[in-house]
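# Descriptive analysis of the structure
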Amino acid sequence: QQQVKQSPQSLIVQKGGIPIINCAYENTAFDYFPWYQQFPGKGPALLIAIRPDVSEKKEGRFTISFNKSAKQFSLHIMDSQPGDSATYFCAASIRGSRLTFGEGTQLTVNP
Amino acid sequence: DGGITQSPKYLFRKEGQNVTLSCEQNLNHDAMYWYRQDPGQGLRLIYYSQIVNDFQKGDIAEGYSVSREKKESFPLTVTSAQKNPTAFYLCASSLPGNYGYTFGSGTRLTVV
């Protein structure tokens, strides 16, 4: 019940495309859903986060869509660039407890 | 600038030796975490500490040990009991509540 399932495992898009990464969870007590971006050889960095009282949050070219009834949330990257090529992790937590991470998605944006 | 410093960036260890990875933060965060990341895989939690002088095992604690004597420091020792220690190790910290984690830049450990 503590798991967060992330898909796809890898994703390749052309520059300007809109990659979408999906995550699903079972535990309805989760109340914080962040996304992290990790470049090779670096630690993950917080990209954007959402709480279940909103259905969408946008920061620059990154948007989280949240579907509470389906227990799913997704990351959309508008006008993707080669510099967005990285591994993306979704995560979830309950009332500030430790984060449960998804398995990660390796995104490649071709020029 | 506030942040998390992990050292060294690269570490080589002979089989049978213990090695300690350093993690220091100046963010005044209460909680600290150690993760292991293998190529193409996700983040697996080794140990975490929510307060000084207290820590809990994560999902893969066997063969590892930690201490939390100071708020700023959370060193991880990889012991000879760890069967497959070659990996990328990440330290993170957070404030109480849902504020996300700040990660260090990682230590790549190779057993030779």
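In short, a report on the structure.

Quick notes on the rules
Residues numbered from 1 in each chain as written. Chains lettered and ligands numbered in written order. Predicted model: local features only at pLDDT ≥ 70, side-chain atom pairs only at ≥ 80, totals over all residues. Heavy atoms only, no water. Phe/Tyr/Trp six-rings, centres within 6.5 Å; stacked < 30°, edge-to-face > 60°. Helix = DSSP H or I, 4+ residues; strand = E, 2+ residues; numbered from the N terminus. Buried < 20%, exposed > 50% of the residue type's maximum accessible area, 1.4 Å probe, protein only. Lys NZ or Arg CZ within 6 Å of the ring centre and 35° of its normal. Contact = heavy atoms within 4.5 Å. Disulfide = S-S within 2.5 Å. Patch = residues over 30% accessible without salt bridge, like charges linked within 9 Å, V, L, I, M, F, W, Y side chains within 5 Å. Areas by Shrake-Rupley, 256 points an atom, 1.4 Å probe, with all protein chains shown as cover. Salt bridge = Lys/Arg side-chain N within 4 Å of Asp/Glu carboxyl O. Pairing = 2+ DSSP bridges. Axes fitted to C-alpha atoms, helices over the stretch in contact; angles between N-to-C directions.

This part is about the packing of aromatic side chains. For the structure shown, the criterion picks out 22 aromatic pairs over all chains. Aromatic pair phenylalanine 89 of chain A and phenylalanine 101 of chain A: ring centres 6.4 Å apart, planes at 85°, arrangement edge-to-face. Taken together, the positions of phenylalanine 89 of chain A in strand β9 (residues 86-92) and phenylalanine 101 of chain A in strand β10 (residues 100-101) put the pair 12 residues apart, joining distant regions of the chain. Both residues of the pair, phenylalanine 89 of chain A and phenylalanine 101 of chain A, count as buried. On the numbers, 4.2 Å between centres and 20° between planes, the contact of tyrosine 33 of chain B with tyrosine 101 of chain B is stacked. With a gap of 68 residues between them, tyrosine 33 of chain B in strand β4 (residues 31-37) and tyrosine 101 of chain B in the loop between β9 (87-94) and β10 (102-103) connect regions that are remote in the sequence. Of the two residues, tyrosine 33 of chain B and tyrosine 101 of chain B, both sit in the buried class. Above the ring of phenylalanine 74 of chain B, the side-chain terminus of arginine 68 of chain B is found at 6.0 Å from the ring centroid.

A separate point is the side chain of serine 94 of chain B. Inspection of the secondary structure puts serine 94 of chain B in strand β9. Discounting residues that sit within four places of it in the chain, serine 94 of chain B has contacts with His29, Asp30, Ala31, Tyr33, Gly100 and Tyr101 of chain B.

With that settled, consider the state of the cysteines. Residue and element names in this part refer to chain A. Summed over the entire model, instances satisfying the criterion amount to 2 disulfides over all chains. At a sulfur-sulfur separation of 1.9 Å, the disulfide partner of cysteine 23 is cysteine 90. Since a negative S-S torsion denotes a left-handed disulfide, the cysteine 23-cysteine 90 link at about -95° is left-handed. Of the two residues, cysteine 23 is situated in strand β3 (residues 20-25) and cysteine 90 in strand β9; the sequence distance between them amounts to 67 residues. The residues cysteine 23 and cysteine 90 share a single accessibility class, namely buried.

Our next topic: a nonpolar patch on the surface. Residue and element names in this part refer to chain A. There is a patch of nonpolar side chains on the surface, built from Ile18, Ile20 and Met78 and spanning about 230 Å² of accessible area. Of note, isoleucine 18 is situated in the loop between β2 (10-14) and β3. For isoleucine 18, a relative accessible area of 47% puts it in the partly exposed group.

This paragraph deals with the sheet that holds strand β8 (residues 72-77) of chain A. Residue and element names in this part refer to chain A. Reading across from one edge, β1-β3-β8-β7-β6 is the order of the 5 strands in this open sheet, with antiparallel pairing throughout. Edge positions in the sheet fall to β1 (4-7) and β6 (56-59), since each has one partner strand and no second. Neighbour to neighbour, the strand axes of the sheet diverge by 15° on average, direction disregarded. Relative to β8, β3 runs antiparallel, the two being bridged by 5 bridges. Note that in β8 the partner of alanine 24 across the bridge is glutamine 72.

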